[in-house]
Amino acid sequence: MDYQEFLDSIDKEAYHEGEWRWEEDGYTVTRTYHYSPPGCHTSCGILLYTKDGKVEKIEGDPLDPCTNGKLCIRCLNLVESINSPDRLKYPMRRAGERGENKWERISWDEAYDEIEEKVRSIWETNGGNAIICVHGTGRNINWQVPFFGQAALKTPNISTFGFTGFACYMPRVCGAVAPFGDFPVVDASEGHPARYANPEWNPPEVLVVWGNEPLASNADGFVGHWLVPCVQMGTRIISIDPRLTWWGARADYWLQIRPGTDAALACAWLNVILEEDLYDHEFVDLWCMGLDKLKESVKDMTPEWAAPICDLDADDIRNSARLYASAKPGAIQWGLAFDQQLSAMSLCLAGCDLMAICGNIDVPGGNILLHNAFEINAGYATGEHFTPEEWRIKKLNNNFALSIDGGDFVAHASSDGLLQAIEEGFPYPIKMMWIQSSNTLSCPGMDAARLYEAMQKIPFIVNADPYMTPTSVALADIVLPVAMSAERNSARTWWTPARAMVKVADFYEAKSDEQIIVELGKRLNPEVFNQWDSDIDWLDWYLREGSGSAFATSEAADNAGIKSSGSTLFKHTWKELVEDPAMCGHAYDEFNASYNKAAKGLYRPDGSVGYGTPSGRLELTPMLYTYWGLSDTPFHVEPPEGPISTPELMETYPLILTCGGRSFEFFHSEHRQLPTMRELHPEPLVLVNPKTAEKYGVKDGQWIWIENDHGRFKQKVKLSPRVNEKTIHAEHGWWFPESKAEAPYLFGTFESNPNNCTKAFVTGQGGVGSAIKSMICKIYPVEPGDKMPYEQIAETGNFPWYKKVNSPRQDEIDRFHKAMDAGMEYEVFSNELFDPANNERFDLKTGARLAE
Amino acid sequence: MTKGILINYDYCTGCHSCEVACKKTLGLPEGEFGIKLTEVGPYEYTDKPAPDHWEWTWLPVITKACDLCMGRTTKGKMPSCVQHCQAWCMYYGDVEDLAKKMDGKTRWALLATRE
Ligand code: SF4
Ligand code: SF4
Ligand code: SF4
């Protein structure tokens, strides 16, 4: 692939270079960017062809430097998606019981009236903290919904609800902010408008694709296919994955690791590189600190130690470590598996340490530390100062809600903390849930049936979504129709460049996330929201003043040196970003286009040389880890169940169950209602090795049960050597929009859901990380007459053999309930019970009576 | 001059973009394709070491429905499948020019249709 040749070959006139809108063959064509829904975490350049206010065609924009006109099938099939008959057309209020799927159409004003009244009454009776504000994964809700939650609903309890242990991205973000002050991303020259033609850039010599399949997932603002040109230019591959992927099939080393043991491998790599003196001395001397302590901590973690843990060959571990260390540069493409194991924070640290000691940080083709373009950083923490202090301090974080030691470094509330509050009313009850762009029951909601039962206790639930989802049918009291990309004005960073989305069509009464937020925000907190007249006004604010911490708490971000300045470096309006021929929807900034930023003083607010850490160095044993109550050296923790931790359980559940690998057709629980996607991928597929299938009597194409000590779900067998004989891989996010909506079936959301088997309250150090990619299970064919999961859940609330994992504060909760029944009062902050009958006080933690 | 599509299929990721781009361009119903992926593997070679140890080849096949995107190419645009190929492994042009790219270093397939 010759990038310059490609650029030269584009007919610039045919693709209307420098124009954002034109007429062509009876269509109006708009040059813009896509951003989910529906889709993914990235934003590719597109050309939208509209006629009579309807999108009729879409294609990629070859003049867009981000993805050069290439599109995945999720955007190629956009027209089917936005014109889907299944979409929500109007705001609706529940007309029957929850689950009956009976609705009455209401106006937006009626919806807003009812929501406003409920919110205000909760503020009076229970405080804003009694509201939970839920958002899904990356689209234009990343900063918008947290802002809305904190500034309009006035609650600190924002969450991608359902993720025990923040098991998605937060461990990597916080785990990198501590040692690096910033977040490392593989350099496929995405920071520079000249892309692969940037003369300063070279591809990685070795690319480690670790715990993800970037080609299908495009996760975290990174387009997986950016890496394919690197391979074409000679990049060699190490693939670390229990599944064979495109990467593993052409790798120098495919390490088919046992799920959940990546930290052991990472420690062994560190051991090899340090013991064999393969690290980059000059880089470490100049830029790192903590090498001796790190070396000491991994000195016994040899490849021979790791091999039986990881189920790998010791020589492969040693030789692959040598290959990575020898690369100049090497790059590590890390993924979700880092977050979804008990070693999460330790593994993220080990990953960072590997990048740092091999001198691969901030160099061309290595792992570059990106910022959001122009420091347009609005994120999870944005708007937090608009929550009244008395409610803010009741944020249900791990520490406050669950008494887990350590600092509050993730901007979100703890999902388990929220679950506990919903289930037990402890430490205080939950009165309302606002959900925007999350199909909680079908996708993120771990311990699915438990969550379903718990959420039914919440008196008032609003769900804003483009579709009627299982979550809405089961639980919503009001549903609000959300506009999709192409029907809304928006803008984004999440790394670089800054990009704008332009509205070109309407769908019935659907409104954009931004419109809903600004309109409802004006009712709930006019002081803040009246500064904006429209969605576009708000976007202008975002582009020019949208600073704040993207994912970590403001305190954690400040400590790491990424202090919010209150204004961004972007000087244009949203309209200029869209229409200016020099931008046509995107703008690159200088920071992300530069290398060697530490030497140039670009990381530190005062312009001094170094990184954005407290010490200014890359901290191999970070001080912030110590401050957060975490071990500052890496270690491995076994998955809670498995051949090493629970060999006796393996007799009943002999296979390892990993799950969540992505498909090209779907983004999480999206796209299941689209005929083209279902033509290519009609049913949920579980990968089973042919030898395993033979052993357990299951056949290709057969529906099988996948069962653990918690629950079971069914998927269709795909025989494949992509997994080994000990492991199966199941898909996530499945529901069946073509099937019955009413409860208990709920579009079949429980039928194929691996979250029937995942467990709340089982986390790694600091209450972070969850072992959902390394469960154990047995498999057997589905037989006629078998009870389906929805029937089992309808009968007893969960599976007959289900065992609930308690909160770490269960003793206190029991005491709390007893005391409440006895007419006592509870003091949240002192964690004391007060008996008004005799003025006695008790410590809830111990139950002991306190002296006067 | 005969036009064709050249595929550097060593790098094809099986992403289906060519398939769906074509279906949408030609407006094809369920079950019909202008270009359709074929998949061989994955299976192992006992005698080939990494990185060639695994066989897992994707290669799209062109059907009679394909008109090489005449409507697009006459306007200077790329064929839809080529434009959207995420792996940068499809090229469109004169078959003689395309043939010159086949350098023996990776695996290529040159597909030409009836004119
Ligand atoms: S990666 Fe796919 S879904 Fe995401 S913006 Fe690009 S084409 Fe659309
Ligand atoms: S050239 Fe056009 S018609 Fe032919 S396969 Fe590609 S997209 Fe389809
Ligand atoms: S678009 Fe390209 S990479 Fe994707 S399947 Fe087709 S040929 Fe392969």
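This one's a predicted model, so the numbers in the text were calculated from it and none came from an experiment. (Residues numbered from 1 in each chain as written. Chains lettered and ligands numbered in written order. Predicted model: local features only at pLDDT ≥ 70, side-chain atom pairs only at ≥ 80, totals over all residues. Heavy atoms only, no water.)

Let us look at unusual backbone geometry. Threonine 496 of chain A connects to proline 497 of chain A through a cis peptide bond whose omega is -5 degrees. By the element assignment, proline 497 of chain A lies in the loop between strand E19 (490–492) and strand E20 (498–501). Look at the link from alanine 743 of chain A to proline 744 of chain A: it is a cis peptide, with omega at 5 degrees. Looking at where proline 744 of chain A falls in the secondary structure, it is placed in the loop between strand E27 (727–730) and strand E28 (775–781). In this model, aspartate 25 of chain A sits at a positive phi of 50 degrees, which is unusual for a non-glycine residue. Along the chain, aspartate 25 of chain A turns up in the loop between strand E1 (21–24) and strand E2 (27–33). A residue is classified by how much of its surface remains accessible, and aspartate 25 of chain A, at 53% relative accessible area, is exposed. One non-glycine residue, tryptophan 88 of chain B, adopts positive backbone phi at about 55 degrees. One can find tryptophan 88 of chain B in the loop between helix H3 (80–84) and strand E4 (90–94). (Helix = DSSP H or I, 4+ residues; strand = E, 2+ residues; numbered from the N terminus. Buried < 20%, exposed > 50% of the residue type's maximum accessible area, 1.4 Å probe, protein only.)

Time to look at the domain arrangement of chain A. Residues and elements named next belong to chain A. Domain parsing of chain A yields domain 1 (3–82), domain 2 (92–166 + 374–587), domain 3 (183–370), domain 4 (654–796) and domain 5 (810–843). For domain 2 versus domain 5, the separation of C-alpha centres amounts to 33 Å. Across the contact, nine residues belong to domain 2 and nine residues belong to domain 5. For the domain 2 face of the interface with domain 5, the top three residues by lost area are Glu424, Phe426 and Pro427, together amounting to 60%. At the boundary of domain 2 and domain 5, one finds zero salt bridges. Applying the counting rule to domain 2 against domain 5 returns one residue pair in polar contact (both at pLDDT 80 or more). (Domains from an automatic or database assignment. Contact = heavy atoms within 4.5 Å. Buried area = accessible area lost by both parts, 1.4 Å probe. Salt bridge = Lys/Arg side-chain N within 4 Å of Asp/Glu carboxyl O. Polar contact = N/O pair within 3.5 Å; in protein donor to acceptor, adjacent residues only side chain to side chain.)

Here the focus is the sheet that holds strand E1 (residues 3–7) of chain B. All names here are of chain B. If you trace the three strands from one edge of the open sheet to the other, you get E4-E1-E5, paired in antiparallel fashion. Edge positions in the sheet fall to E4 and strand E5 (109–112), since each of these pairs with one other strand and no more. Each adjacent strand pair in this sheet contributes to an overall mean axis angle of 25 degrees, direction not counted. Relative to E4, E1 runs antiparallel, the two being bridged by five bridges. Paired with isoleucine 7 across the two strands is methionine 90, which belongs to E4. (Pairing = 2+ DSSP bridges. Axes fitted to C-alpha atoms, helices over the stretch in contact; angles between N-to-C directions.)

Moving on: helix H1 (residues 17–26) of chain B. Among the ten residues in H1 of chain B, seven count as buried, and that is most of the element. Here H1 of chain B has its buried residues at Ser17, Cys18, Glu19, Val20, Ala21, Cys22 and Lys23 of chain B. In the core, the buried residues of H1 of chain B are packed alongside helix H2 (73–76) and helix H27 (675–680) of chain A together with strand E2 (35–44), strand E3 (54–62), H3 and E4 of chain B. Positioned one or two residues after H1 of chain B, glycine 27 of chain B has a phi angle of 65 degrees, which is positive.

Let us now look at the pairing of E3 of chain B. Residue and element names in this part refer to chain B. Across the nine residues that make up E3, a large majority, seven, are buried. Both E2 and E3 contribute to a ladder of eight bridges, which runs antiparallel. Across the sheet, isoleucine 35 pairs through a bridge with isoleucine 62, a residue of E3.

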